[in-house]
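Coordinate analysis (summary)
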2 protein chains.
Amino acid sequence: MAVTIRHVQPSDYARVIQHVNEWWGGREMAPMLPRLFFIHFESTSFVADREDGTLAGFLIGFLSQTDPETAYVHFIGVAPDERGSGLGRELYEHFFETAQRSGRTLVRCVTAPENADSLAFHDALGFEQEAVAENYDGAGASRVLLAKRLV
Amino acid sequence: MAVTIRHVQPSDYARVIQHVNEWWGGREMAPMLPRLFFIHFESTSFVADREDGTLAGFLIGFLSQTDPETAYVHFIGVAPDERGSGLGRELYEHFFETAQRSGRTLVRCVTAPENADSLAFHDALGFEQEAVAENYDGAGASRVLLAKRLV
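Everything in this summary refers to the structure shown in the same document.

Conventions and cut-offs
Residues numbered from 1 in each chain as written. Chains lettered and ligands numbered in written order. Predicted model: local features only at pLDDT ≥ 70, side-chain atom pairs only at ≥ 80, totals over all residues. Heavy atoms only, no water. Helix = DSSP H or I, 4+ residues; strand = E, 2+ residues; numbered from the N terminus. Rg over C-alpha atoms; globule rule 2.2 N^0.38 Å. Pairing = 2+ DSSP bridges. Axes fitted to C-alpha atoms, helices over the stretch in contact; angles between N-to-C directions. Contact = heavy atoms within 4.5 Å. Least-squares fit on C-alpha atoms with pLDDT ≥ 70 in both. Buried area = accessible area lost by both parts, 1.4 Å probe. Salt bridge = Lys/Arg side-chain N within 4 Å of Asp/Glu carboxyl O. Core = buried A, V, L, I, M, F, W, Y, C linked by side-chain atoms within 4.5 Å. Buried < 20%, exposed > 50% of the residue type's maximum accessible area, 1.4 Å probe, protein only. Polar contact = N/O pair within 3.5 Å; in protein donor to acceptor, adjacent residues only side chain to side chain.

Quick notes on the overall build of chain A
Along its length, chain A carries four helices and seven strands. Order of helices (α) and strands (β) in chain A, N terminus to C terminus: β-α-α-β-β-β-α-β-α-β-β. The C-alpha atoms of chain A give a radius of gyration of 15 Å, which matches the 15 Å a tight globule of 151 residues would have. By its C-alpha atoms, chain A is 40 × 35 × 30 Å across when sized along the principal axes.

Structure, rendered in structure tokens:
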């Protein structure tokens, strides 16, 4: 089924948030994704819709307001039955292009060390693992810090 | 004890996150405040330090990337024993000034309908309640939408 990628709208929030914990293998992810990202970071965030109107994937990112060279991806999710289709790469390519048009040369994100699929996916996209930081997002929430230079 | 307000640094994350649930009366707030806000939104986020190095309060905000007129406050917290001192207002004044210098004319935030202290505080600061939105931040997470025009 054909999938269309477009910028996120605030009205996509309910469509996305209902899938988040399930798509992350049951981890409690939803609290980390408040609606503000769907309202205030539309230009750097995307959803992928199937022809039947269901959600195939999404990416939530923003331009760093501290570092004018950096763009950051907070969430990227692909429906379990769309994985391996190249949709995750396509979502990232939309983000890379938008980031570059805004003058950004570096994309950063973090992922959980136990999320082997995410680590492999980001490796295939050209992200490098810079560090593993313990208690990065609070006690017990370690993160792998990933970075990719845009060329 | 004298309190100094300055821009947030990534190294403030651990200092802040350890207090968040307690300062919100035991609500599970910490997952809504990942470290990314301390890294990428330094210029619009502030911490208030006491002379003895302990944390008196903090404000985490950003400039909307969707709406060039809007700035948004994601978290504001004041230590229980500093409440009523005017520190919350001072933190907001730092934010208002920064937002105005960036050309913003509207400040938005949301709060939980059950958080009466927050509603009274924002009312005293001149915020207006625009709506109460059910399931705003996911199932069961209703929010009062607040807005204040900068003049």
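Focus: the sheet that holds strand E3 (residues 55-63) of chain B
All names here are of chain B. Spatially, the seven strands line up as an open sheet ordered E1-E2-E3-E4-E5-E7-E6, and their pairing is mixed. The outermost strands of the open sheet, each flanked by one partner alone, are strand E1 (3-7) and strand E6 (128-133). Each strand axis lies, on average, 25 degrees off the axis of its neighbour in the sheet, ignoring direction. Set on the sheet, helix H1 (residues 13-23) makes contact with E1, strand E2 (46-50), E3 and strand E4 (70-78); between it and E3 the angle comes to about 100 degrees. On the sheet, helix H4 (residues 116-124) packs against E4, strand E5 (106-111), E6 and strand E7 (143-149) and is oriented at approximately 165 degrees with respect to E5.

Side note on the relation of the copies chain B and chain A
Taken together, a rotation about one axis and a shift along it account for how the two chain copies relate. Expressed as a screw operation, the relation of chain B to chain A combines 0.0 Å of axial shift with a rotation of 180 degrees, fitting to an RMSD of 0.0 Å. Classification of the inter-copy transformation places it as that of a two-fold axis. When each C-alpha of chain B is compared by its distance to the rotation axis, Met32(B) comes out closest, at 2.4 Å. Counting the interface residues of chain B, we find that 100% of their copies in chain A are interface residues as well, pointing to one common contact surface.

Things to note about the interface of chain B and chain A
On the side of chain A, 26 residues touch chain B, which itself brings 26 residues to the contact. Summed over both sides, the interface of chain B with chain A buries roughly 2300 Å², with 58% coming from carbon and sulfur. Summed over the three residues of chain B that lose the most area to chain A, namely His40(B), Gln65(B) and Tyr136(B), the buried surface amounts to 29% of that side. Taken together, the links from chain B to chain A amount to zero salt bridges.

Concerning unusual backbone geometry
Of note in the backbone geometry, Asn135(A) takes a positive phi value of approximately 55 degrees without being a glycine. Assignment of secondary structure puts Asn135(A) in the loop between strand E6 (128-133) and strand E7 (143-149).

Structural notes on the nonpolar core
Leu33(A), Phe37(A), Phe58(A), Leu33(B), Phe37(B) and Phe58(B) are the most contacted members of the largest nonpolar core, which has 52 residues in total. Going through the elements one at a time, helix H1 (13-23), helix H2 (36-40), strand E3 (55-63) and strand E4 (70-78) of chain A together with H1, helix H2 (36-40), E3 and E4 of chain B are the ones with two or more residues in this core. Every residue in contact with Leu33(A), bar those within four places of it in the chain, is listed here: Tyr13(A), Val16(A), Ile17(A), Val20(A), Phe38(A), Phe58(A), Ile60(A), His74(A) and Phe75(A).

Structural notes on the side chain of His74(A)
Positionally, His74(A) belongs in strand E4. For His74(A), a relative accessible area of 13% corresponds to the buried category. Here Met32(A) takes part through its backbone oxygen, which lies 2.7 Å from a polar atom of the side chain of His74(A). In this structure, His74(A) is in contact with Met32(A), Leu33(A), Phe37(A), Ile60(A), Gly61(A), Pro34(B) and Leu36(B), ignoring residues within four places of it in sequence.

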